[in-house]
Amino acid sequence: MLKTLFEKLWTLHEISIIGNGECLIFIDRMFLHERTGSIALKGLEDAARAIKSPQHVFCTMDHIVDTTLGRGDETLMPNGRDFIVATRKSAQRAGIRLFDIGDQNQGISHVVSAELGIALPGSTLICPDSHTCTLGGLGALAWGVGSTEAEHAMATNTLRVKKPKTMRVDFRGKLSQGVTAKDMILHLISQEGTGGGAGYAVEFSGQTVRELGIEARFTLCNMAVEFSAFTGLVAVDQSTLDYIQDRTFAPKGNELKQAINHWNTLHTDIGAEFDRTITIQCEEIKPTVTWGTSPQHAISIEDEIPDPKRETSSITANAMTRALTYMDLSPGMPMTSVKLDAAFIGSCTNARLSDLRAAAQYLQGKTVSPWVSAVCVPGSSQVKVAAEAEGLDKIFLAAGFEWRESGCSMCFYAGGETFGKQKRIISTTNRNFEGRQGPETRTHLASPLTVAASACKGYISAAED
Amino acid sequence: MDKFDSHTGIAAALLRPNIDTDTIIPSREMTRVSREGLKDGLFAAWRYTLPGSREANLNFILNRPAYSNTSIILSGDNFGCGSSREHAVWALKEYGIRAIIAPSFGSIFQNNCIRNGVLPIVLSNNMIKEMADWVEKDPQHNYLIIALPEQKIHWSTGKYFEFELDEAEKNMLIKGLDAISLTQVLDNKIDLFEQKDRLERPWIYLD
């Protein structure tokens with residue numbers, strides 16, 4: 001029988017059909033962080049439940065931890081230290097591997113689990129964090145859960161899951177100069193709406209996706225959750241196999257050979273059917289940026305801010321009006337006339353080495369606009385070291401960016417890091433919700449290249465040169 | 001887990017699409033390693049006049065006297081989208097919300113509701129709008145009665161809407177079951193799967 005990639009991954013992990021629409025799915029890897037993982041570990045302790053396979057559970061400090069140089073357990077957020085200390089103690093008692101502050105492997109969960117080979121092609125991985133779908137870029141079946149579900153996974157090595165439907169998003173044609181994976185996913189969400197992927201496991205396919213590096217595939221899959229998808233996936237190919245080689249927890253020797261034989265089957269069979277297919281012509285994708293407070297409020301940087309009056313649905317029009325008020329913008333304004341206060345490069349979406357290289361390449365020899373505060377936070381401590389070895393830190397610093405330690409930082413306000421009230425930020429992150437980057441902040445999502453170009457110009461701007 | 005059988009309560013309509021979990025409870029309100037102490041953080045950015053303050057914004061629906069003791073929320077598409085933080089459900093529940101009625105939900109949020117005895121009900125935008133228009137006329141008297149076993153929402157006038165829910169989720173809510181205990185009964189099956197899987201995918205097992 002012809003199968004999609006998702007169906008292959010599902011079948012491989014299906015222990016049994018419990019009935020009533022639920023399946024019992026085997027979970028290969030579990031990843032935690034100090035905000036929601038700490039509560040899951042505490043929940044298990046309180047219920048006197050053991051972790052069934054502690055060797056398959058990993059934890060990092062990313063959400064609340066400070067990213068300023070010379071950081072310790074203290075955080076800008078009051079009580080942040082409590083989360084850090086509690087996580088450390090619980091991890092020690094549970095006997096799970098923790099990438100603590102100061103560890104060379106510390107970093108953002110979804111960056112670390114890939115670069116250490118914890119997430120593998122064909123593996124199931126869960127984390128109490130919605131952006132766990134990032135790891136679909138490796139052909140892993142990975143999705144975000146709540147803390148209670150994370151406890152379930154740790155206690156039983158399984159989850160009860162309703163089987164999602166399958167969707168293929170086929171990216172055809174060639175990407176224009178300056179258009180990246182971030183623009184691809186923002187474009188998709190702007191076309192189909194944030195609810196477009198609800199109930200589906202989405203496979204991103206097509207020649208354009210094949211030509212993306214693994215890190216760009218992570219960016220694509222990362223925002224599958226903003227599309228409301230159960231998860232995002234990309235089939236395994238030679239790029240995937242090359243990426244996995246020599247990663248710390250990845251198989252070696254004979255086991256690697258055996259794994260590669262298996263991984264080579266992890267693609268959708270020709271002729272297998274999806275419940276839904278969307279085709280996108282890549283020539284139509286321009287450097288894209290958000291204007292509002294939902295990821296679907298995204299347009300080409302060349303365009304003008306849309307007018308709610310042109311919407312037929314009153315619910316959509318009201319939401320747009322509210323978003324414009326919050327963002328302090330008016331319909332008809334060219335995106336390029338929007339003046340910025342700040343620029344942020346970071347997050348599990350866009351802070352891997354290739355993202356930093358793209359931004360640094362643009363920033364070389366340029367400086368950030370005098371009215372823009374700019375911050376770069378590498379996705380992991382490993383990314384930071386690798387970037388410094390190439391001298392990227394010097395380029396960021398010379399351009400006027402701050403260069404920090406790794407963590408989630410200003411993707412949101414969990415650790416208390418923010419540019420301040422009513423500041424307008426161009427950001428490589430994934431959510432432009434009201435107050436996401438701190439109270440009353442105004443977020444415009446874009447690619448690292450666009451953020452670098454906009455930071456220099458002081459206005460939202462595509463990288464033209 | 002708390003059982004959910006029938007619930008009679010006052011409903012408040014927040015008819016916006018995409019009310020995300022950052023809005024339901026902002027990061028800054030999650031200050032302890034705990035599932036408790038979160039109700040004051042619920043909708044904090046909308047509920048209070050200033051970030052970090054506790055001065056009630058009287059324009060916010062839940063602060064209006066007509067909506068005191070609200071226990072049901074009517075909302076727009078994709079309620080609970082965004083971050084997986086279970087704190088969103090814990091905060092709603094601690095505040096007293098037992099059910100949320102929306103055309104669609106963020107999938108992680110929806111799961112989190114079921115695991116915590118909060119009922120997520122899917123109805124069409126039109127039905128929700130009709131219900132909201134009626135509730136708004138007199139929220140304290142135009143209340144709703146949600147009967148989970150028969151999957152109906154009765155208006156206090158006697159009119160009702162039926163709703164769909166997965167059998168597994170319904171069962172979990174009505175009996176107040178703990179999913180971990182249920183799954184642990186299947187431990188033999190899980191171990192057998194693992195033994196077989198170890199032979200097929202040895203590289204997965206790190207011991």
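The model shown is predicted, which means the values in this text are computed figures rather than measured ones.

(A) Focus on the domain arrangement of chain A. Residue and element names in this part refer to chain A. Along its sequence, chain A is organised into domain 1 (15-162 + 238-261), domain 2 (165-236 + 268-284) and domain 3 (288-457). Look at where the C-alpha atoms of domain 2 and domain 3 centre, and you get two points 22 Å apart. Contacts between domain 2 and domain 3 engage 17 residues on the former and 22 residues on the latter. Its largest share of buried area at the contact with domain 3, domain 2 owes to Lys182, Leu186 and Glu215, together 33% of the area lost on that side. The salt bridge partner of Arg431 is Glu226, with a shortest N-O separation of 2.5 Å.

(B) Focus on the pairing of strand E4 (residues 57-60) of chain A. Residues and elements named next belong to chain A. Both faces of E4 are covered, namely the face carrying Val57 and Cys59 and the face carrying Phe58 and Thr60. The pairing of strand E3 (residues 29-33) with E4 spans four bridges and is parallel. Bridged to Phe31 within E4 is Phe58. Once the chain exits E3 it traverses helix H2 (residues 37-46) before rejoining the sheet at E4, and the crossover so formed is right-handed.

(C) Seen up close, the interface of chain B and chain A. Taken together, the contacts link 57 residues of chain B with 71 residues of chain A. Taken over both partners, the interface formed by chain B and chain A buries close to 5600 Å², and the fraction arising from carbon and sulfur atoms is 57%. Looking at the side of chain B facing chain A, the largest losses of area belong to Val33, Trp203 and Leu206 of chain B, adding up to 14% of the total buried there. In this assembly, chain B and chain A are joined by ten salt bridges. Of the charged contacts in the structure, one is a salt bridge between Glu151 of chain A and Arg35 of chain B, with a shortest N-O distance of 2.4 Å. Broken down by secondary-structure element, the contributors of at least two residues to the side of chain B that touches chain A are helix H3 (87-95), helix H4 (107-115), helix H6 (167-175), helix H7 (179-184) and helix H8 (187-200) of chain B. It is H8 of chain B that contributes the most residues to the side of chain B that touches chain A, nine residues altogether. Grouping the amino acids of the side of chain B that touches chain A by side-chain chemistry returns 20 nonpolar, 16 polar and 21 charged.

(D) Fine view of the sheet that holds E3 of chain A. All names here are of chain A. The parallel open sheet is built from five strands, whose spatial order is E5-E4-E3-E6-E7. Each of the sheet's edge strands pairs with one partner strand only, and the pair in question is strand E5 (97-99) and strand E7 (141-144). Sheet twist, expressed as the mean angle between neighbouring strand axes with direction ignored, is 20 degrees. Bridge analysis of strand E6 (residues 124-127) against E7 gives four bridges, and the strand direction is parallel. Directly across from Ile126, in E7, lies its bridge partner Trp143. Against the sheet, helix H5 (residues 147-156) makes contact with E3, E4 and E6, and its axis sits at roughly 135 degrees relative to E3, the strand it touches most.

(E) Structural view of the pairing of strand E15 (residues 342-345) of chain A. All names here are of chain A. Residues Ala342 and Phe344 point to one face of E15 and Ala343 and Ile345 to the other, with burial holding for every one of them. Pairing of E15 with strand E16 (residues 373-376), which is carried by four bridges, proceeds in the parallel orientation. The partner of Ala342 across the bridge, within E16, is Ser373. For the handedness criterion, the β-α-β arrangement of E15, helix H12 (residues 353-363) and E16 is classed as right-handed. Relative to strand E18 (residues 424-427), E15 runs parallel, the two being bridged by three bridges. Following the sheet pairing, Ala343 is matched in E18 by Ile426.

(F) Fine view of the environment of Thr134 of chain A. Residue and element names in this part refer to chain A. Looking at where Thr134 falls in the secondary structure, it is placed in the loop between E6 and E7. When the C-alpha positions of Thr134 and Val225 are compared, they lie 9.1 Å apart, and in sequence the two are 91 residues distant. Not counting chain neighbours up to four residues away, the residues in contact with Thr134 comprise His110, Phe218, Cys221, Asn222, Cys348 and Arg352.

The rules behind these values
By convention here, each chain's residues receive numbers from 1 onward along its written sequence. Chains carry letters and ligands carry numbers; both start at the beginning, A for chains and 1 for ligands, and go up in the order they are written. Local features in this predicted model are restricted to residues whose pLDDT is 70 or higher, and side-chain atom pairs enter the listing and the counts only when it is 80 or higher, whereas totals over whole chains, interfaces and linings include all residues. Excluded from the side-chain calculations are hydrogens and water; all other atoms, namely the structure's heavy atoms, are used. Start and end points for every domain follow an automatic or database-based domain assignment. Contact definition: two residues touch when any of their heavy atoms are within 4.5 Å. Buried area: the accessible surface (1.4 Å probe) lost by two parts on joining, summed over both. The rule for a salt bridge is simple: a side-chain nitrogen of Lys or Arg has to be within 4 Å of a carboxyl oxygen of Asp or Glu. For every residue, the accessible area (1.4 Å probe, protein chains only) is compared with the maximum for its type, and the residue is labelled buried under 20%, exposed over 50%, or partly exposed between those bounds. Secondary structure is summarised from DSSP: a helix means a run of H or I of at least four residues, a strand means a run of E of at least two, and numbering begins at the N terminus for each. Pairing between two strands requires that DSSP report at least two bridges joining them. Call a crossover right-handed when, viewed with both strands pointing away from you, the route from the first strand across the helix to the second goes clockwise. As a working rule, the residues Ala, Val, Leu, Ile, Met, Phe, Trp, Tyr, Cys and Pro are called nonpolar, Asp, Glu, Lys and Arg charged, and the rest polar, with Gly in that last group. Axis lines are fitted to C-alpha atoms, over the contacting stretch for helices. Their N-to-C directions set the angle, which ranges from 0 to 180 degrees.

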